[in-house]
Amino acid sequence: MRRSVLLTSLIASFAGAVHAQSFPTADPVIQRIWDEGMNRSQAMDLIQVLTDSIGPRLTGSPGTAAGQEWLVRTYARYGVTAQNQRYGTWLGWRRGVSHLDLVKPRVRSLEATMLAWSGGTKGKPVEGSTVILPLVQDSAAFQAWLPNARGKFVLISQPMPTCRPDASYREFALPQTLETMARERNAARDDWAERLRRTGLSNRDLPVALERAGALGVLTSLWSQGWGVTKIFQSRTRDIPSMDLSCEDYGLVYRLTEKNQGPVVRAFADAEFQGEVPVFNTIAEIRGSERPDEYVMLSAHFDSWDAASGATDNATGTVVMLEAIRILRQVYPNPKRTILVGHWNGEEQGLNGSRAFVEDNPKVVAGLQALFNQDNGTGRIVNMSAGGLIGAAPFLAEWLSKVPNEISQHITFQFPGTPAGGGSDHASFLCHSAPGFSLGSLNWEYGTYTWHTNRDTYDKVIPDEIRNNAVLTAILTYLAAEDTRTVPRQQRIMPVGPGGGTGTWPACVPATRNSTQSTR
């Protein structure tokens, strides 16, 4: 037994020595960050609560308010001050129970999701036949057709000839079968675009016209080209339900309607509009001990669409920042610069929360040493850029050189890079030439399966990748806070634009602070 214990101890010591060799520096804080983040991570527990219990966080919804209260309580447990800072109002909306059933010519419970900010059915189910958006001669003919929508559910999306992903065809189909499918789908796409064009109405105005004409509901499907997954955004109808169907079930209802086989659907949708409600960003702070008016900022948007749980867009980014602060509080409790965390609201409606913060906090923008933003899924960080700030590159390169190889080996660094004009919240800072940097994740089929879809749920999160990202963020934050130098803000000469001539640095866009201002 004694030999066994001794051998185990020697193996453990050797393993520890090998592991220690992965650190490029002997900095004990970096080693403690690694140990805390890799061996005692709380990230998945946080994500589970945020996605399963609190759930999606649509701007202006009760879910967002509950989530922000949870953020403040969680930071308090870590001994970190956090508060919800109001920046405006947004249209409040509560999602209740909803479902859509085919009742004729047979019974089937359809996979359908009420769109955000949709009208409901006023406490009782509504039942009616279906009709397809017609192919008319012109807008006048469409206006003449509109009375036919009264008392019916109107299908306004292109039907897909198949809901099999292209990868399935590429693996199994004969070349001519793949070509036939692609040709049929492209023709259907072009035909549907022409059908929409001839109505004379935009995608935004068409549902409103159908609502005013007395339709019972609007049925849509925006297939994401993966098995069972659709993109689900917002409704334009306020008095009747707008519901997105899976590719498969939309095709079923469409074919029954097209073939005059008498489909009847029954909808129930519980939805409540709550007027303009206050909206907030959640801001956490650890005050700097030597340079309190200089800032290192962690950044991730907190709001989400609400067809699923908002797991990879953006509970993952949220928890990476939350976990990074937990780690730093354990191993680096007295930073030289002030560390802030911005959990932004209203990102999905146009970066509204971060843009408002920038407008309301010029002192933070002026004193920003670095901002690290993460907002594209569960994957490990594989891309970083200087964002067009020439002098920032040596700083980022030096900081990354001190990150353990297990993390840094995956990262491609772009210099000088170009500034983001939108897309995510670091753009709200970069337009001011403030050093805001995006931590770009490995894809993990983000665009197809989880970005704004009905499948963005807890199970899609990859624990190892989240631990990786939280440790990286904590190390970068520590190094940026300790650096005795200040990151410069010199802009690159912008590359030639598509139309010729030198491009320009992106202009700052004013925050939209209430839903009545929104054109989205």
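Above this text you will find the structure in question.
Computed from a predicted model, the values in this text were never measured in an experiment.

**Some thoughts on the pattern of salt bridges**
A complete count under the given rule lists 28 salt bridges for this structure. Between Arg40 and Asp35 there is a salt bridge, and its shortest N-O distance comes to 2.4 Å. Using a relative accessible area of 29% as the deciding quantity, one classes Asp35 as partly exposed. We note a salt bridge from Glu294 to Arg291, for which the minimum N-O separation is 3.4 Å. For Glu294, a relative accessible area of 24% gives the class partly exposed.

**Focus: the nonpolar core**
Ranked by size, the top nonpolar core spans 69 residues in total, and within it Ile33, Tyr75, Ile325, Phe372, Trp399 and Leu476 carry the most contacts. The element best represented in this core is helix H10 (residues 311-331), accounting for 11 residues. In this structure Phe372 touches Val296, Met297, Leu298, Ser299, Met321, Leu396, Trp399, Phe437, Leu439, Leu476, Thr477 and Ala480, once residues within four positions along its chain are discounted. Counting 36 residues, the second-largest nonpolar core is a separate cluster that includes Leu110, Val136, Leu206 and Leu219.

**What about unusual backbone geometry?**
The residue after Lys104, namely Pro105, is reached through a cis peptide bond having omega 5°. Turning to its location among the elements, Pro105 is positioned in the loop between strand E1 (81-104) and strand E2 (108-110). For the peptide bond that leads from Asp313 to Asn314, omega is 10°, which places it in the cis range. By the secondary structure assignment, Asn314 is in helix H10. The backbone of Ser433 sits at a positive phi, close to 65°, despite the residue not being glycine. Relative to the assigned elements, Ser433 resides in the loop between helix H15 (427-430) and strand E16 (436-438). According to the relative accessible area criterion, Ser433 is buried, its value standing at 9%. Positive phi is not limited to glycine here, since His452 has a value of about 60°. Owing to a relative accessible area of 9%, His452 belongs among the buried residues under this scheme.

**Observations concerning the state of the cysteines**
By definition, a disulfide links the sulfur atoms of two cysteine residues through a covalent bond. Enumeration over the complete set of coordinates arrives at two disulfides. What pairs with Cys431 in a disulfide is Cys508, and their sulfur atoms sit 2.1 Å apart. The sign of the S-S torsion, about 105°, decides the handedness of the disulfide formed by Cys431 and Cys508: right-handed. One end of the pair, Cys431, is in the loop between H15 and E16; the other, Cys508, is in the segment after helix H17 (463-482), and 77 residues separate them in sequence. By relative accessible area, Cys431 is classed as buried at 15%. We classify Cys508 as partly exposed; its relative accessible area is 33%. If one numbers only the bonded cysteines of the chain, in the order they occur, the disulfide pattern is 1-2, 3-4.

What counts and how
- Residues numbered from 1 in each chain as written.
- Predicted model: local features only at pLDDT ≥ 70, side-chain atom pairs only at ≥ 80, totals over all residues.
- Heavy atoms only, no water.
- Salt bridge = Lys/Arg side-chain N within 4 Å of Asp/Glu carboxyl O.
- Buried < 20%, exposed > 50% of the residue type's maximum accessible area, 1.4 Å probe, protein only.
- Core = buried A, V, L, I, M, F, W, Y, C linked by side-chain atoms within 4.5 Å.
- Helix = DSSP H or I, 4+ residues; strand = E, 2+ residues; numbered from the N terminus.
- Contact = heavy atoms within 4.5 Å.
- Disulfide = S-S within 2.5 Å.

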